[in-house]
Amino acid sequence: MLYFFQQVLNGLHSGALYALLAFGYVLTNGILHRTNLAYGALFAFCGHTMILTAAFGYQALWLTLFASVALGVAAAFLYAALLSRVLSRSIFEPLADRAPNAIVVTTLGILLALSEASRIAADTHDLWLPPMLAQPIIFARGANFNATLTLIQLLDCAVVAAIIGLAAWAFAQSSFGRRWRAVSDDPRAAAMCGVDVRAVLRRAVLFGGLCAALAGVLAAFYYGNISFGTGLVYGLKILFVTAVGGYLSPLRAALGAAAFGMAESLWAGYFPLEWRDGWMYLFLVAMLVLIGTGRDQGKID
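Everything numeric in this text was worked out from a predicted model, so none of it was measured.

A. Main features of the pairing of strand 1 (residues 136–141). Taken together, the five bridges between strand 1 and strand 2 (residues 146–150) define a ladder with antiparallel strand orientation. Bridge pairing in strand 2 places Ala-140 opposite Ala-147. What sits between strand 1 and strand 2 in their antiparallel hairpin is a turn of four residues.

So, in structure tokens, the structure goes:
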């Protein structure tokens, strides 16, 4: 039972990162209803930017470790805001009314460009942050085993829970949340009612990009490194998870993604790790087929 409890604790952290990404992803795709393959790349690019900037500040500018990390975090969020602006104004707005594959192909190109830019900036080398806040906190003790989480894991979970809780509350109470739901349901009807559809899309893309940046920063703090191909893996998982749950509610998508992270952790604890991603993708595809069939049948009825 202690070993099972440890896997549950591990799942809390991975589920928190997935939940934050899913929340931000649905903000954009709830309006576009188009597959955005660049979202995972934005997550990895911002995390990698934080690491590169922190290394530059520490090695070239002779800043303290805290100041270097703070500089890296600021750079990650600035890049997220800049890339979100470019995506919303130059990609999503012009292509929103065209064939669905237009955005898919374009965001795939952006994914490749961001991954390659990260690789070139790092000169194909992996840079690592030093371990930070790695002190273990014991939740349960056994004769030969303790169930623990590190301080950085607890802080990551607390930050994600606070951000999602506050964002969900604001989303439910604010005028932006009402406009977002109106545009998500029917953008043309919303526009006829006086809603600025483009402004809603731009704000949604910005908030989603900031969620991706925060997830990238938190992942970099915990893992110490984010590789160039991480964005594709995370992006596909979030794509499938949100497709299964739908794009009507960012909070529901976040909860579903957290459950997916918990399932991944339990698989890693009891089954071969090398088969984890394959079986989890298969599970998501099966769920998507079953739920998608039910949705289509419901529309026919």
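Now that the structure has been shown, we can carry on.
B. Main features of the pattern of salt bridges. Scanning the model with the defined rule gives six salt bridges in all. With its nearest N and O atoms 2.5 Å apart, the salt bridge here joins Glu-93 to Arg-202. With Glu-93 in helix 3 (residues 65–95) and Arg-202 in helix 8 (residues 197–223), this pair connects stretches of sequence that are 109 residues apart. Relative accessible area serves as the criterion here: at 15%, Glu-93 is assigned to the buried category. Judged by relative accessible area, which is 28%, Arg-202 ranks as partly exposed. A salt bridge links Asp-277 to Arg-276; the nearest nitrogen and oxygen atoms lie 3.4 Å apart. Residue class for Asp-277 comes out partly exposed when judged on its relative accessible area of 26%. On the basis of relative accessibility, which here comes to 22%, the residue Arg-276 falls in the partly exposed class. What emerges from the salt-bridge pattern is a single network uniting Lys-237, Glu-264, Arg-276 and Asp-277.

Parameters and conventions
- Residues numbered from 1 in each chain as written.
- Predicted model: local features only at pLDDT ≥ 70, side-chain atom pairs only at ≥ 80, totals over all residues.
- Heavy atoms only, no water.
- Pairing = 2+ DSSP bridges.
- Helix = DSSP H or I, 4+ residues; strand = E, 2+ residues; numbered from the N terminus.
- Salt bridge = Lys/Arg side-chain N within 4 Å of Asp/Glu carboxyl O.
- Buried < 20%, exposed > 50% of the residue type's maximum accessible area, 1.4 Å probe, protein only.

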